[in-house]
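A structural walkthrough
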Amino acid sequence: MRAILLSAILTLASAPLHADIAFQAARMTPGSLMVIEDGHGAFQSHVARGQQDGLFRFDTYESKGKRPVFLGSYYTNDRGEVVREVTAEGLITRFEPYRCARTMGRCAYVIIHSDGFREIRQRVTRETALGLAWKEWGLDGLVSTGALELDQLGAAMKGWARDHQSGVKTRSRRILLALN
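Residues numbered from 1 in each chain as written. Predicted model: local features only at pLDDT ≥ 70, side-chain atom pairs only at ≥ 80, totals over all residues. Heavy atoms only, no water.

What follows covers the side chain of Arg123. Along the chain, Arg123 turns up in strand 8 (residues 118–127). Here Cys100 takes part through its backbone oxygen, which lies 3.4 Å from a polar atom of the side chain of Arg123. Apart from residues lying up to four places away in sequence, Arg123 is in contact with Arg99, Cys100, Ala101, Gly105, Arg106, Cys107, Trp134, Lys135 and Glu136. (Helix = DSSP H or I, 4+ residues; strand = E, 2+ residues; numbered from the N terminus. Polar contact = N/O pair within 3.5 Å; in protein donor to acceptor, adjacent residues only side chain to side chain. Contact = heavy atoms within 4.5 Å.)

Pasting the structure below:
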């Protein structure tokens, strides 16, 4: 009996343990900061502002020099799925049920643009050894592909994305994560 129990424990201990690809938005308490470099010398700061109406709000700023520029805000559920974006000018884009960036497998959603146009998207996300990879389709076929390396909170550490409509490929890497 001991041999069977020991064998089962060793088998479970040797199996790879995969982290959830969710982003633990609740761990980013108000004032927490994440800074991402876009690979072109620009930096984007994500500042946690706390919960509003059951969603987590993050404000984004871009900086290429000394003065940050407010870009807008985005709101996520507790898994880090974006449900709404608001530009600095106040234009609102909604995602129903959410953007599907942290959902494994096939996930369909609708982008409701600020002018009311509804765009159907389909995303397939798979877990990788270090995080996740995705492919996304829209009205004109394949829209984007990419991959992210994630930390234990599900926060992006580095990654790449390709916009298949423009052909532009971008790389990103996290410079700072400061939890408040």
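Turning our eyes to something else, we now look at the packing of aromatic side chains. If you walk through the whole model with that rule in mind, you get four aromatic pairs. On the basis of an interplanar angle of 50° and a centroid distance of 6.1 Å, the ring pair of Phe23 and Phe58 is categorised as tilted. Linking Phe23 in the loop between helix 1 (2–14) and strand 1 (33–37) with Phe58 in strand 3 (residues 55–63), this pair joins segments that are 35 residues apart in sequence. With respect to class, Phe23 is no different from Phe58; both count as buried. Arranged with centres 6.3 Å apart and planes meeting at 50°, the rings of Phe95 and Tyr109 form a pair that is tilted. Taken together, the residues span a long stretch of sequence, with Phe95 in strand 6 (residues 92–96) and Tyr109 in strand 7 (residues 105–112) at a distance of 14 residues. (Phe/Tyr/Trp six-rings, centres within 6.5 Å; stacked < 30°, edge-to-face > 60°. Buried < 20%, exposed > 50% of the residue type's maximum accessible area, 1.4 Å probe, protein only.)

On to the state of the cysteines, then. Under the criterion given, the structure shown has one disulfide. At a sulfur-sulfur separation of 2.1 Å, the disulfide partner of Cys100 is Cys107. The disulfide joining Cys100 to Cys107 has a torsion of about -50° about its S-S bond and is therefore left-handed. The residues Cys100 and Cys107 share a single accessibility class, namely buried. (Disulfide = S-S within 2.5 Å.)

This paragraph deals with the pattern of salt bridges. Think of it this way: side chains of opposite charge can pair up when their charged atoms draw near. If you walk through the whole model with that rule in mind, you get eleven salt bridges. As a salt-bridge pair, Asp59 and Arg49 come within 2.9 Å of each other at their nearest N and O atoms. Pair noted here: Asp59 is in strand 3 and Arg49 is in strand 2 (residues 43–52), with a separation of ten residues, a long-range link. Residue Asp59 is classed as buried on the basis of its relative accessible area, which comes to 5%. Here Arg118 and Glu96 are joined by a salt bridge, their closest N and O atoms 3.7 Å apart. Separated by 22 residues along the polypeptide, Arg118 in strand 8 and Glu96 in strand 6 bring together distant segments of the chain. For Glu96, a relative accessible area of 32% puts it in the partly exposed group. (Salt bridge = Lys/Arg side-chain N within 4 Å of Asp/Glu carboxyl O.)

Another point: a nonpolar patch on the surface. A cluster of nonpolar residues, Phe43, Ile175 and Leu176, forms a patch on the protein surface that exposes about 220 Å² of accessible area. Among the secondary structure elements, Ile175 is positioned in strand 12 (residues 169–178). (Patch = residues over 30% accessible without salt bridge, like charges linked within 9 Å, V, L, I, M, F, W, Y side chains within 5 Å. Areas by Shrake-Rupley, 256 points an atom, 1.4 Å probe, with all protein chains shown as cover.)

Before going further, it helps to spend a moment on the confidence of the model for the chain. Looking at the chain, the pLDDT average stands at 89 and 89% of residues meet or exceed 70. Contacts for the low-pLDDT stretch residues 1–18, under 50 throughout, to residues beyond four places or in other chains number one contact. (pLDDT = per-residue confidence, 0-100.)

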